[in-house]
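Each chain, letter by letter, is given below.
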Amino acid sequence: MLLLLLLLYVSLLLLLQAGSPLSQRNRRIARDEVLDMLHHALDSYMKHAYPWDELKPLSCEGRRWDQRERGTLDDSLGGYGLTLVDSMSTLAIVQDGPRLADAVRRVVDDVSFDRDVDISVFEATIRVLGGLLSTHELRNGVFSSMRRPPASTSELVAFMTSARAIASPPPQHASSS
């Protein structure tokens, strides 16, 4: 969710500049604003809500998996630090090594999946499994060689073309009857 909000913000900045490419200065400004928002959100979660799953924005308290404040809506929470796990791939994308290392250490030391709770399979898949797998892939997989932002539009297009090719299913061959 955090990554989605950050991408939305950057997309809006880019749309506002659609008539002309962003200057290096404006790219740095946009990048710094996104990083400031990311750090504010993650720091607030760590200060007010960790190790609980989510930060309640109005009360600045953690949303606990063991207190059903919203009835069965809280079943999506499993008590495994959803926001921290979910944010690790964003930290990998923005190349925030110290925060990512701290997040990985906390997940290894503090997070347990040995719980007898009802969970939302969808939420657990996209936030926990997706967060862990995408972080691993970004740090160790196909995309790990991209350690810096694209230097040009053509470099970004080449990267996106490669990403689409990796994500696309193989072509279907028509069987002859």
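Remember, predicted model here, so these are calculated numbers, not experimental data.

A. Expanded view of the pattern of salt bridges. Evaluated as defined, the whole model comprises 11 salt bridges. Salt-bridge contacts for Arg-99 lead to Asp-43; the nearest nitrogen and oxygen are separated by 2.5 Å. A residue pair is termed long-range when its members are at least 10 positions apart, and Arg-99 in helix H4 (residues 97–110) and Asp-43 in helix H2 (residues 24–48) qualify at 56 residues. Arg-99 gets classed as partly exposed once you look at its relative accessible area, which sits at 27%. In this structure Asp-43 comes out as partly exposed when scored by relative accessible area, which is 37%. Each member of the salt-bridge network shares a partner with another, and the members are Glu-54, Arg-63, Asp-86, Glu-123 and Arg-127.

B. Unusual backbone geometry, seen in detail. Residue Pro-51 is bonded to the preceding Tyr-50 through a cis peptide linkage, with omega at 15°. Of note, the phi angle at Cys-60 is positive, near 55°, even though the residue is not glycine. On the basis of relative accessibility, which here comes to 35%, the residue Cys-60 falls in the partly exposed class. Positive phi values are uncommon outside glycine, yet Gln-95 reaches one of about 60°. Note that Gln-95 resides in the loop between helix H3 (82–93) and H4. The exposure class of Gln-95 is partly exposed, given its relative accessible area of 40%.

C. Region of the structure containing helix H5 (residues 121–140). If you look at H5, its biggest bend is around 40°, right at Gly-130. Turning to H5, its buried residues number three or more, namely Ala-124, Arg-127, Val-128, Gly-131 and Thr-135. Its buried side turned inward, H5 meets strand S1 (54–56), H3 and H4.

Cut-off values and rules
- For every chain, the first residue of its written sequence is number 1, and the numbers climb from 1 along that sequence.
- Restriction of local features to residues with pLDDT of at least 70 applies here, the model being predicted, together with a cutoff of 80 or more for giving and counting side-chain atom pairs; totals for whole chains, interfaces and linings are based on all residues.
- Only hydrogens and water are set aside; all other atoms, that is, all heavy atoms of the structure, feed into the side-chain values.
- Throughout this description, the term salt bridge denotes a Lys or Arg side-chain nitrogen within 4 Å of a carboxyl oxygen of Asp or Glu.
- For helices the rule is a DSSP run of H or I covering at least 4 residues; for strands it is a run of E covering at least 2, with both sets numbered from the N terminus onward.
- A simple rule labels every residue: compare its accessible area, found with a 1.4 Å probe on the protein chains alone, to the largest value its type can have, and call it buried under 20%, exposed over 50%, or partly exposed in between.
- Throughout, bend refers to the angle between the axes fitted to the seven residues that end at a position and the seven residues that start at it.
- Any pair of residues with heavy atoms lying within 4.5 Å of one another is described as a contacting pair.

It is worth stressing that arrangement in space is one thing and function is another; only the former is reported here.
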